Every structure is written in structure tokens, then in C-alpha cells.
Amino acid sequence: MTSPTDSAPRAPRVTRARGLAAAALRQWHLHPRWAMALRGAVAAAVAWVVGIVLPEPFSDYPYYAPLGAVVATTSTVARSVRESFQAVGAIVVGALVARGVDLVLAPSALSIALVVAVAILVAGWGLLGDMGSWAVTSALFVLIIGNADKVGYMGAYVGLVLVGALVGIGINLLFPPLPLAASDVDLDRLKDALADQLDHLADGLDSDVAPSPEEWDDRRLLLGPVVDRSQRSAEQAREAARINRRARRYAEATRAQGSRAAALGITSSVVGDLTRLVTGWERQDLDDLAFGQPLRPLVRDALRAYGDAVRSTAGALADPEALDHVRDTTERLRRAVRDVRSGSDEDYFVAGATVLAIRRGVAALGEE
């Protein structure tokens, strides 16, 4: 009979094991390439075995089957189907180019040059997409390696790549990728970067004098790579949901992530506009400033409030109180712009554009 003291240490061990398992699972979801590598390895091995058991001449070249399997398992299910058939099409086209040249020229430097030139031109055919480069590889293989068995080699090469691609598509269908966690991380990075940029702009206006161009350069973040990566990641997640048996189970998460990506996409555009407006028109080297001392503190407060709202986003929506604060600070800025316009010959166009940009950003973060 087990005493209470015997079973007591077991609970911390179980809790620790569960924690380690949860951490490992999270890392697995955050690094979709690990799953891609496993799917590719399994598909390549299965394709190799299939190539070996096929009759001749296929079994003479079993190493071509894993090539097709790798193509089919390095992307989403929908893309793997498209790219697999594009690869096979490129191989067929390349093989036909090689056989056509072989009819008129013996294997030589001239025939190789002609085959490569024609295959490169054919590789740009739109129907072949990104798989067009396979046409060049196929043409060289068929011309040089397959010269001893012109028909058998070409048929085995094309057939085995197709078989491998079908194996890879099957593996993808059984274990389809759905990189939602990795996409969430990229969107989090984008959110933080956009909020940081707004804070930098606000800090630049926290002075009695306008910053110099050099000072603005120090406060301008390189957002392009962060925006591009988040957009690619979100697009891959959307594409992965197509022809995906797991998509229904994660339908709500997929929809929410799409809404979040759209909201942050608009926010990226707004922050880019604000950065150009503020750093381009509120500088020491300009005679006519966009804001000047009357408006600079109000613009600073509005930008800082907008940055807090961006940072508060959960999903596609920002915290309601944070949004209300942005609306209040933006309204104070709008009224001030109206007042200075009425008492000045200046149009304060940039200040008005700043108000409109922040309002557009607030609308994107407050829509259901």
C-alpha cells in the first residue's frame, strides 16, 4: 500500500513534465520549419521506397522520386499541389527541349549551350511559376545522363518526380501545416515596432524647438522588413487554411488572425504616413513648420496616446479606454488646428492631415 509520503514527490515531477511538454509543443508551433523538415524527410523516404519497388526503368533511377516529394512538402497543401504539377510540367518541357536539340546535334559544348539557352527562356513561362527553373535541370539531365536510354530515362525521370510529388501531397494532406502561432509572433513584433515608432515621434516633439533632420533620422525605425515579414507570414497562414483538414478546427483562430493582420496592415500605413508628415515638415531647417510651438505638444500627446492604443491591441481591437484617450487627444488637436487657422494666414495642412491619419488608425483598431 502506498503511503502519502511515497506519492507526494510525484506531483511536482508530473507538473514539471507537463510544463516541459507544453513548452516543447509551443516551440514546435513557433518553428513551422521543424514540421516541414519532418514531413519532407518522411515523404522522401516513402518516395524512395516506392521508386525502388516500381518496375524498370523506374527502379533504375529511384533517387528522382524524393525530389518530387521534397517539392510537395516544403509549402502549404494548396501550394504543394500547384507547385508539384508546375515542377512536373517544367521537367517535361525541359526534357522535350533536350530531345529536340539531341535530334539535330550530337552531345557537345554547342548542344549544351543551346539546350541551356532555350530551357532558360522556357523557364520564364508564366504557367510554370517558380518551378520554371526545373526546366533547365531537366534539360541537362536528359541530354547528358539520359543519352544512353533516351526514351526510358526521360519517362522514368518524369514519372518518378510525379510519383514523389503525389507521395508528398499525400503526406501534406495527412499532416497539413497551419502556422498560426508563428504568424502571431510576427504580428506581435509588428505591433510593438509600430508602437515604438509612434513613441519615437512623440519623444521628438517633446521639446520647445523642432528636431533637426539628423535627430529625426535617429528616431526613424526601419519598419519595412518587419512589415514585409508579418505580411508574408499572415499570407502563408491564410493560404495554409485552404484544402486543410485542420482548418475547420481552427476556423475562429484563423479568422481572428486575418482580422488582426488587416488591422495592423492599416496601422502600418497610418504610421508610415505620420512618420513622413512629422519628420518631413516639423524640422529645424524649415522656415514654415507643420506645427510650431502652439501645436507641437498636442501632436505629441496624440501620437503617444495612439502608440499606447496600438500596444494595447488584443487581436484586431485595441483597449476601449486607450481608444477613447486617443479620440480625446485628437479632438483637442483638431480644435487647436481650427483655432490657429482662424487667426493665421497659414493653412496648417500637415496638422490637419495628421488629425485625419490618426482618426483613420483609430477606426481600424476599433472596428468589430
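Preceding this section is the structure that the text describes.
Please read all numbers here as calculations on a predicted model, not as lab measurements.

A.B. asks: Quick question: what am I supposed to make of the nonpolar core here?
C.D. replies: Soluble, globular proteins show a tendency: their nonpolar side chains are buried together. Of all hydrophobic cores here, the largest spans 49 residues; its most connected members are Leu274, Phe291, Leu295, Leu303, Tyr306 and Ile358. For this core, the secondary structure elements donating two or more residues are helix H9 (180–204), helix H11 (224–240), helix H12 (251–281), helix H13 (292–311), helix H14 (320–342) and helix H15 (349–366). With 32 residues, the next largest nonpolar core counts Ala47, Val71, Val101 and Ala156 among its residues.

A.B. asks: Would you explain H15 in this entry?
C.D. replies: One full turn of an α-helix is made of 3.6 residues, so residues set three or four places apart face in the same direction. Counted at 1.5 Å a residue, the expected span for H15 with its 18 residues is 26 Å, and the 26 Å between its end C-alpha atoms agrees. Those residues of H15 that sit buried are Val350, Ala351, Gly352, Ala353, Thr354, Val355, Ala357, Ile358, Gly361, Val362, Ala364 and Leu365.

A.B. asks: Whenever I open this one, the packing of H13 against H14 confuses me. Can you help?
C.D. replies: For any two helices packed against each other, one specifies the crossing angle of their axes together with the interaxial distance. Interhelical geometry of H13 versus H14 gives an angle of 160° and a closest axis separation of 8 Å. When the axes of H13 and H14 are compared, the pair comes out roughly antiparallel. The interaxial crossing formed by H13 with H14 has left-handed handedness. Contact residues: H13 offers Pro294, Leu295, Leu298, Val299, Asp301, Ala302, Ala305, Tyr306 and Ala309, while H14 offers Ala322, Leu323, His325, Val326, Thr329, Thr330, Arg332, Leu333, Ala336, Val337 and Val340. Within the contact of H13 with H14, the residues separate by chemical class into 15 nonpolar, three polar and two charged.

A.B. asks: Where do I start with the side chain of Ser111 in this structure?
C.D. replies: With respect to the secondary-structure elements, Ser111 resides in helix H6 (residues 109–123). Looking at Ser111, the relative accessible area reads 0%, which means it is buried. In this view, Ser111 contacts Val101, Leu105, Ala106 and Leu143; residues no more than four positions away in its chain are not counted.

A.B. asks: Honestly, the packing of aromatic side chains in this entry has me stumped. Any pointers?
C.D. replies: Given two aromatic rings, one states the distance between the centres and the angle between the planes to describe the pair. Taken as a whole and assessed by the stated rule, the structure comprises nine aromatic pairs. Taken together, Tyr61, Tyr63, Tyr64, Phe141, Tyr153 and Tyr157 form an aromatic cluster joined through their ring pairs.

A.B. asks: Would you mind going over a negative patch on the surface with me for this structure?
C.D. replies: On the surface, Asp287, Asp288, Glu346 and Asp347 cluster together into a patch of negative charge. Mapped onto the elements of the fold, Glu346 is located in the loop between H14 and H15. Since its relative accessible area comes to 41%, Glu346 is described here as partly exposed.

What counts, and at which threshold
- Residues numbered from 1 in each chain as written.
- Predicted model: local features only at pLDDT ≥ 70, side-chain atom pairs only at ≥ 80, totals over all residues.
- Heavy atoms only, no water.
- Core = buried A, V, L, I, M, F, W, Y, C linked by side-chain atoms within 4.5 Å.
- Buried < 20%, exposed > 50% of the residue type's maximum accessible area, 1.4 Å probe, protein only.
- Helix = DSSP H or I, 4+ residues; strand = E, 2+ residues; numbered from the N terminus.
- Expected span 1.5 Å × (residues − 1).
- Axes fitted to C-alpha atoms, helices over the stretch in contact; angles between N-to-C directions.
- Parallel < 35°, antiparallel > 145°, perpendicular 65-115°, else oblique.
- Left-handed = near helix turned anticlockwise from the far one by under 90°.
- Contact = heavy atoms within 4.5 Å.
- Nonpolar A, V, L, I, M, F, W, Y, C, P; charged D, E, K, R; others polar.
- Phe/Tyr/Trp six-rings, centres within 6.5 Å; stacked < 30°, edge-to-face > 60°.
- Patch = residues over 30% accessible without salt bridge, like charges linked within 9 Å, V, L, I, M, F, W, Y side chains within 5 Å.
- Areas by Shrake-Rupley, 256 points an atom, 1.4 Å probe, with all protein chains shown as cover.
- Salt bridge = Lys/Arg side-chain N within 4 Å of Asp/Glu carboxyl O.
- Lys, Arg positive; Asp, Glu negative; His and termini not counted.
- Charge placed at Lys NZ, Arg CZ, Asp CG, Glu CD.

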